Amino acid sequence: MLDYRAICLSACDLAREAGAYIAEQRKSFTFADVEFKGAQNLVSYVDKQTEKMIVERLRELTPDAGFITEEGTVTAAVEGQPLKWIVDPLDGTTNFVHDFSPYCVSIALMDEDELTAGVIYEVTRDELFYAWRGSYAYLNGQRIRVSATDKLENALIAIGFSYAALNKTDGFVDSLVHFQNTTNGIRRVGSAAADLAYVPADAATLFTIRDSPRGT
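*Asks:* Requested: an account of the sheet that holds strand β5 (residues 104–111), with residues and values cited.
*Replies:* Across the sheet, seven strands lie side by side as β3-β4-β5-β6-β7-β8-β9; this open sheet has mixed pairing. Either end of the sheet is taken by a strand with one partner, and the two such strands are β3 (66–69) and β9 (142–144). Strand-to-strand twist of the sheet, defined as the mean angle between neighbouring strand axes without regard to direction, takes the value 20 degrees. By the bridge criterion, two bridges tie strand β7 (residues 127–132) to strand β8 (residues 137–139) in an arrangement that is antiparallel. Paired with Y130 across the two strands is Y138, which belongs to β8. This element, helix α1 (residues 4–26), spans β4 (83–91), β5, β6 (114–122) and β7 of the sheet and lies at about 160 degrees to β7. Docked against the sheet, helix α2 (residues 45–61) engages β3, β4 and β5, running at close to 150 degrees with respect to β4.

*Asks:* Residue-level account of the nonpolar core, with values.
*Replies:* By size, the foremost hydrophobic cluster in this structure holds 38 residues, and its most contacted members are W85 and V105. Of all elements in the fold, only α1, α2, β4, α3 (93–97), β5, β6 and β7 reach the threshold of two or more residues within this core. For this core, the leading source of residues is α1, giving nine residues. Excluding residues within four positions of it along the chain, W85 makes contact with I7, A11, L58, L61, T62, A65, G66, F67, I68, I107, A108 and L109. One finds I120, F129, L139 and A193 within the second-largest nonpolar core, a separate group that totals ten residues.

*Asks:* Residue-level account of the pattern of salt bridges, with values.
*Replies:* Throughout the structure, instances matching the rule amount to six salt bridges. D99 is paired through a salt bridge with R26; the nearest N and O atoms lie 3.9 Å apart. Taken together, the residues span a long stretch of sequence, with D99 in the loop between α3 and β5 and R26 in helix α1 at a distance of 73 residues. Residue classification places R26 among the buried residues on the basis of a relative accessible area of 15%.

*Asks:* How would you sum up the packing of aromatic side chains? Please name residues and give values.
*Replies:* For the structure on display, the rule yields seven aromatic pairs. On the numbers, 4.9 Å between centres and 65 degrees between planes, the contact of F29 with F96 is edge-to-face. Pair noted here: F29 is in the loop between α1 and β1 (34–38) and F96 is in helix α3, with a separation of 67 residues, a long-range link. Across the pair, F96 and F29 agree in class, each one buried. Here a set of aromatic residues connected by ring pairs shows up, and it is made of F29, Y45, F96 and Y103. Directly above the ring of F96 sits R26, whose terminal nitrogen or CZ lies 5.6 Å from the centroid. Between the NZ or CZ atom of R143 and the centre of the ring of Y136, over which it lies, the distance is 3.5 Å.

*Asks:* Can you lay out the layout of surface pockets for me, pointing to particular residues and giving the numbers?
*Replies:* Each pocket or cavity is described by its volume, and for the largest pocket that value is around 1200 Å³. When residues of the lining of the largest pocket are assigned to their parent elements, the largest contribution, six residues, is made by β6. The class makeup of the residues in the lining of the largest pocket is 28 nonpolar, 13 polar and seven charged. In this model, the second largest pocket occupies a volume close to 750 Å³.

*Asks:* So what's going on with the packing of α1 against α2? Residues and values would help.
*Replies:* Here α1 crosses α2 at 155 degrees, and the two axes come no closer than 10 Å. With respect to each other, α1 and α2 are oriented roughly antiparallel. Between α1 and α2 lies a crossing of right-handed hand. From α1, I7, S10, L14, E17, A18, Y21, I22 and Q25 reach across to α2, where they touch Y45, V46, Q49, T50, M53, I54, R57, L58 and L61. Residues that form the contact of α1 with α2 fall into these classes: eleven nonpolar, four polar and two charged.

Analysis parameters
Residues numbered from 1 in each chain as written. Predicted model: local features only at pLDDT ≥ 70, side-chain atom pairs only at ≥ 80, totals over all residues. Heavy atoms only, no water. Pairing = 2+ DSSP bridges. Helix = DSSP H or I, 4+ residues; strand = E, 2+ residues; numbered from the N terminus. Axes fitted to C-alpha atoms, helices over the stretch in contact; angles between N-to-C directions. Contact = heavy atoms within 4.5 Å. Core = buried A, V, L, I, M, F, W, Y, C linked by side-chain atoms within 4.5 Å. Buried < 20%, exposed > 50% of the residue type's maximum accessible area, 1.4 Å probe, protein only. Salt bridge = Lys/Arg side-chain N within 4 Å of Asp/Glu carboxyl O. Phe/Tyr/Trp six-rings, centres within 6.5 Å; stacked < 30°, edge-to-face > 60°. Lys NZ or Arg CZ within 6 Å of the ring centre and 35° of its normal. 1 Å grid on protein atoms, 1.4 Å probe; cavity = no way out; pocket = protein on both sides within 12 Å on 5 of 7 lines; lining within 4 Å. Points joined across faces, edges and corners; volume = space filled by probe spheres on them. Nonpolar A, V, L, I, M, F, W, Y, C, P; charged D, E, K, R; others polar. Parallel < 35°, antiparallel > 145°, perpendicular 65-115°, else oblique. Left-handed = near helix turned anticlockwise from the far one by under 90°.

Okay, here's the thing in structure tokens:
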């Protein structure tokens, strides 16, 4: 049986390494380095090189695994392979391009049809979220949990826009109006990975961890 904890912690190290590369590239990055997958769907050499780096290291960790990658730099088939890595090397590329946080490295392992390890590294704040099958969720070595908020009127809502449905906004706009009027507010941070990672990190826990020395 695979040691999901060991695999997850190795993926954590890799996510930090990838994040360091992204942060270094951001120092000299210009809009001339941007490519367009769609009118509002950006990609750059940083996405592609980071993805290649991650895949190469994950292959060393789990040689028999397949890959599902955001930028398609890997063509290895995944059908019939029980282990599959799911990699988004730079979630929040538009934020990265405009030097606006957050943007994240996102890595997950699927064994058969079950997600067994997940790592999200938010580059600009050096925040590493991770969990493996049967574990708690952690941020920089400290356990995190969802908030005790149980009423929509006390909640803060995170949203995102689908590049594939930009021409189908009527219902979406209606829902925005509804939630703006019935919650504490709506935020769009530009990284779905960050949206999901912050769900189990309630405000009190998050601020405590940010103010303390980084865990291991």
